[in-house]
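# Close look at the chain arrangement
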Amino acid sequence: VGRSEVVQTKSAAEFFTENQNIAGFDNPGKSLFTTIRELMENSLDAAESMCIGPVVEVTVEELSQQCVDAGRGVQTMVESDRVDLELFAEKKMTSKKKSGNDDDQADPDRMATKKTGFYRVTCRDNGCGIKPEVIPEALGRVLAGSKYGVRQTRGKFGLGAKMALIWAKKSTGAPIQVQSATVDAKQITNMTIDIDVYRNEPKILEQTQISNKEKWRGTQVTVVVGGAWSAYKARIITYLQQLAIITPYAQINFQFIPKQDKAKKQLILCFEPRSDKVPLPPKKSGYHPWALNELLLHQLLQRTSTKNLKTFFTESEISGIDTNLAHRLVTELDDDIAKKSPSQIANDPKKVARLSRFLRAIKAFSPPDGSSLSPVGEYNLRLGVNKELDPLYVATRALPKAQSYEGHPFMVEAAVSIGGKGINTGLAAEPGLYIHRFANRIPLLFEAGADVVTRVAKTKIKWSSYKIDPKKDNVQVFVSIVSTKIPFKGTSKEYIGEDATEIHDAVRSCLQHCCSQLRAHLARRDMDRKHKDRRSILLKYAPDVARSLCQVFTDLMDPQGNNGGYGPTPADRNPNRTRPTLTGLAAVAQREPLSTARIAQRREALRARIRALPGNINSQLIIQKLTQAVDRQMQIEDQLLQDNNDDSNDDQPNRRSSKQQKQRIAVARPSTTSFTVRTPLFVFRALGPTLKVVAHNNGNTLPAITPRPEPENCSIFDEDPIFGMGAPSSMDIDDEPLPLLDDDDDDDDANYQQKADVADLLGLSSAPTNGKADKKRAASEQDDDDDQPPPPRKRLRRANNTSTTSSKKQSSIIIIEDDDDDAEEQVSDSPSENDDDDDDD
């Protein structure tokens, strides 16, 4: 020390007054935020210590300078009393400074240093209360507190409420007012406290007691501080909402009361409790041997009252050592240490160093248990996320047991949600990855970039592997870390470093488990999306299908071909044209084209039958029936998918083999005439109302779908077709009415002949064969041409439309008949056994 320098000492209160940023009082805006935070956390601790649901009420009232001065009895300076006005004149800012001022508007920290005001903060709770003799020490002496020791606590250094008082003295000069009553107290204590910063001593300015007629219990703290509400409003709301997530068992009421001329800016927030399970208070435990350094071990050796080293290991402030292990440790030590008392060892720094290294080298110690921890629990965490965000999907995960970092136990709990509202918005959040961090159930809002949770979520989790895309989904990540000693980085205690390997691995494991739980739900969601997209794509062409069908029936009804320009006229058709073929699974036998006279004869007979039928049909009706068919098919697909899921979750010992699972199919069997409507883009396959879904699986058959009763004089469009997707509510298409076909003909030959006429008329290569009608038709064809071979019998499953269109899109109809409606469809491993039954589909 130089001759001109003098060694000085400062009290703890004076030190933190000059270095208030260490406690989170960086600027007026953040100081207001930290004041609210510290008072609320003290209230939560007071209620949780009694294992009751906390009820915390916070009121922030904006005050004017005159109101603050009146409260202190200080005369307010008036502008009219100023003599030298130049002393108070503001200097004009250059354009460069103005541009910098625009940056200040976007930065809350810069705004907080400019737009300052005065606020009265009041926090009231239903906790255990504070005894009158303890109030001055608890709120007026820095570093005085009741949370020292090895256990999980929100705060430990005794700074929160004292720093609020120190900031109040610096910004407004006002003291702190306390009102408290303990359990079954007959009096309520009112006390006004100030602090002597240089001596770090509390000063009681006023103390009174009133009768507690209402048997109130709890604490109310009121302090007047400077702050910037507008700059930190968003962060205060975010803090409150995150606090409601991590404490879903608490009732939190918040109110901001602006000045009278700004009544519209009033804010009221109420966070109702969702859970009634309050975490148990953590138990105070001893120091684990792995957490002992030389200084701490020396303090324990000095404070203990034990007489030998063995009892020091088992009965002092050290945990994790039983009697048997203590005997083994003493036996392993040298005699110059083992036979010494703890006080003798403490007086020799060399022996303390040897003992500390010896304890750190022992690997036989059990890891520290979690009795000193109090995590919120998966149940509460899930309820909190659901209550505040209302997500589509949420998954939670917690470590099965406590782990240790440098001898300090810790627990990690995580939740990942998809969709829902955003924090601080109340609206659906934009797609992205949002990370929320908690340490000892305290929300961490600042310095998130270097935090271990942020680093793991952004760099160590492959979201795409779990079907999660933050670019398209709103992904919210919640990680809560509780420990007897959180390894914060920096003095602000706002983030945990990534170098904590044990915590890093635990966070990664929990997030991976959450993502694995979500993967199955997201796969189902993607399937539903594809289902809806397929429906909308098909319905996009429903008007074209309806218009094409109207054109077909218009052409059938007009013998002269005067169809108003809808579709090709009979003169335009070439009876000898090459007809399209059906390939693939739906391949059918190719038939020789009929003669022109035969085609004309059948066409005239069919037109006569159509004109004789009552009833009308238009394109809107067709679209309506297509929509009904789509919706019904979607129900069938959903039912089959649900059955498959039920089978996959079946825990019976006789599980189905992969081959048997592949045989599980749905067989659709119409009882009346059905149509497959083909366009150049897709195929509509309509099935009748008596649809049966049959699944062959070890003799098990799915229940048949009960059809609606068929009305009288029904037609093919009065049935319930089923083929994949639905139709829009309104279409701008042709509404020209057309007559209906008659399906009530009992004559097999006539029925088959009518269907064949329609198939030939529409230009199909063939109509499907079926039963007796097919045999009769083959016999009649043999009479016309003895050299013409009978067509082979093949199964019709899918039709590929290879026909071309000119100016209008054309549709084709395939009529499928089922002779035996009551027959049960059978499925076998051998395809040859089902060849005969395939013709009945």
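Given the structure is predicted, the values throughout are model-derived calculations rather than measurements.

### With respect to the overall build of the chain
Of regular secondary structure, the chain possesses 24 helices and 17 strands. By the burial criterion, 47% of the 841 residues in the chain qualify as buried. Just so you have it, the chain exposes about 43,600 Å², and 48% of that area is on carbon and sulfur atoms.

### Focus on the packing of aromatic side chains
Pairs of aromatic rings are described using the distance from one ring centre to the other and the angle between the two planes. Counted according to the given criterion, the structure contains nine aromatic pairs. Ring centres 5.6 Å apart and planes at 80° place the aromatic pair F33 and F446 in the edge-to-face group. Taken together, the residues span a long stretch of sequence, with F33 in helix α2 (residues 28–48) and F446 in the loop between β13 (442–444) and α16 (452–460) at a distance of 413 residues. With a centroid separation of 5.9 Å and an interplanar angle of 50°, the aromatic rings of F312 and F313 are classed as tilted. Since its relative accessible area comes to 0%, F312 is described here as buried. The structure contains a cluster of three or more aromatic residues connected by ring pairs, namely F33, Y232, Y239 and F446. Positioned above the aromatic ring of F446 is the side chain of K30, whose terminal nitrogen or guanidinium carbon lies 4.3 Å from the ring centre. Geometry around Y379 places K277 over its ring, the cationic atom sitting 4.5 Å from the centre.

### Overview of the packing of helix α8 (residues 229–246) against helix α15 (residues 378–389)
At a minimum axis separation of 7 Å, α8 and α15 run at an interaxial angle of 140°. It follows from the interaxial angle that α8 and α15 lie oblique. Contacts between α8 and α15 involve Q241, A244, I245 and I246 on the former and, on the latter, N380, L381, G384, V385, K387, E388 and L389. Taken together, the residues of the contact of α8 with α15 break down into six nonpolar, three polar and two charged.

### Quick notes on the confidence of the model for the chain
In this model, the chain carries a mean pLDDT of 74, and residues with pLDDT of at least 70 account for 66%. Long-range and interchain partners of residues 650–773, a stretch whose pLDDT sits below 50, account for 345 contacts in this model, where long-range means more than four residues apart. Here residues 784–841 scores under 50 on pLDDT; set against residues more than four positions off or in separate chains, the count is 135 contacts.

### Digging into the packing of α2 against α8
Put simply, α2 and α8 touch, their axes get as near as 8 Å, and they point 25° apart. For the element pair α2 / α8, the angle class is roughly parallel. In this structure, α2 crosses over α8, and the sense of that crossing is right-handed. Where α2 abuts α8, its residues G29, K30, L32, F33, I36, R37, M40, E41 and L44 lie against W229, Y232, R235, I236, Y239, L240 and L243. Taken together, the residues of the contact of α2 with α8 sort by class into 11 nonpolar, one polar and four charged.

### Quick word on the sheet that holds strand β7 (residues 251–257)
Spatially, the eight strands line up as an open sheet ordered β5-β4-β3-β6-β2-β1-β7-β8, and their pairing is mixed. Edge strands, defined here as strands with exactly one partner in the open sheet, are β5 (201–211) and β8 (267–271). The mean inter-strand angle of the sheet, taken between neighbouring strand axes irrespective of direction, is 15°. Pairing of strand β1 (residues 55–63) with strand β2 (residues 117–124) involves seven bridges; the strand directions are antiparallel. Within β2, the position partnered with V58 by the bridge is C123. Against the sheet, α8 touches β2, β6 (218–227), β7 and β8, its axis set at about 15° to β8.

### A few points about α2
Given a rise of 1.5 Å per residue, 21 residues ought to cover 30 Å, and the 30 Å separating the end C-alpha atoms of α2 matches this to within 8%. A large share of α2 lies buried, amounting to 20 of its 21 residues. Near the N-terminus of α2, the side chain that reaches the backbone nitrogen of G29, with its oxygen 3.1 Å away, is that of N27.

### Details of a positive patch on the surface
A cluster of basic residues, K115, K233, K259, K262 and K265, forms a positive patch on the protein surface. Turning to its location among the elements, K259 is positioned in the loop between β7 and β8.

### Focus: the pattern of salt bridges
Overall, the coordinates contain 24 salt bridges when judged by the stated rule. A salt bridge links E317 to R303; its shortest N-O distance comes to 3.3 Å. With a gap of 14 residues between them, E317 in the loop between α10 (309–315) and α11 (323–332) and R303 in helix α9 (residues 294–303) connect regions that are remote in the sequence. Since its relative accessible area comes to 37%, E317 is described here as partly exposed. Taking the shortest distance from any N to any O, the salt bridge between R525 and D526 comes out at 3.4 Å. Residue classification places D526 among the partly exposed residues on the basis of a relative accessible area of 23%. Connected via shared salt-bridge partners are D45, E48, K147, R154 and R441.

### Examining helix α7 (residues 160–171)
If you check α7, its first and last C-alpha atoms are 16 Å apart, about what 12 residues at 1.5 Å a residue would give, namely 16 Å. Summarising burial for α7: nine of the 12 residues are buried, a large majority. Looking at α7, one finds that the buried residues are G160, A161, K162, M163, A164, L165, I166, W167 and A168. Tucked into the core, α7 has its buried residues touching α1 (12–18), α2, α6 (135–140), β3 (176–181), β4 (187–196) and β6. Just past α7, the residue G173 takes up positive phi, approximately 80°.

### Details of a nonpolar patch on the surface
Taken together, the side chains of L143, Y148 and F157 present a nonpolar region at the surface, about 280 Å² in accessible area. Tracing the sequence through the fold places F157 in the loop between α6 and α7.

### Remarks on the state of the cysteines
Counted by the stated rule, this structure contains zero disulfides. Not part of a disulfide, C515 finds its nearest cysteine sulfur in C514, a span of 6.8 Å.

### What to know about the side chain of D451
Locating D451 in the fold gives a position in the loop between β13 and α16. Within polar-contact distance, the side chain of D451 engages the side chain of R437 at 3.1 Å. For D451, the contacting residues outside a window of four places in its chain are R437, Y495 and I496.

Calculation rules
- Residues numbered from 1 in each chain as written.
- Predicted model: local features only at pLDDT ≥ 70, side-chain atom pairs only at ≥ 80, totals over all residues.
- Heavy atoms only, no water.
- Helix = DSSP H or I, 4+ residues; strand = E, 2+ residues; numbered from the N terminus.
- Buried < 20%, exposed > 50% of the residue type's maximum accessible area, 1.4 Å probe, protein only.
- Areas by Shrake-Rupley, 256 points an atom, 1.4 Å probe, with all protein chains shown as cover.
- Phe/Tyr/Trp six-rings, centres within 6.5 Å; stacked < 30°, edge-to-face > 60°.
- Lys NZ or Arg CZ within 6 Å of the ring centre and 35° of its normal.
- Axes fitted to C-alpha atoms, helices over the stretch in contact; angles between N-to-C directions.
- Parallel < 35°, antiparallel > 145°, perpendicular 65-115°, else oblique.
- Contact = heavy atoms within 4.5 Å.
- Nonpolar A, V, L, I, M, F, W, Y, C, P; charged D, E, K, R; others polar.
- pLDDT = per-residue confidence, 0-100.
- Left-handed = near helix turned anticlockwise from the far one by under 90°.
- Pairing = 2+ DSSP bridges.
- Expected span 1.5 Å × (residues − 1).
- Polar contact = N/O pair within 3.5 Å; in protein donor to acceptor, adjacent residues only side chain to side chain.
- Patch = residues over 30% accessible without salt bridge, like charges linked within 9 Å, V, L, I, M, F, W, Y side chains within 5 Å.
- Salt bridge = Lys/Arg side-chain N within 4 Å of Asp/Glu carboxyl O.
- Lys, Arg positive; Asp, Glu negative; His and termini not counted.
- Charge placed at Lys NZ, Arg CZ, Asp CG, Glu CD.
- Disulfide = S-S within 2.5 Å.

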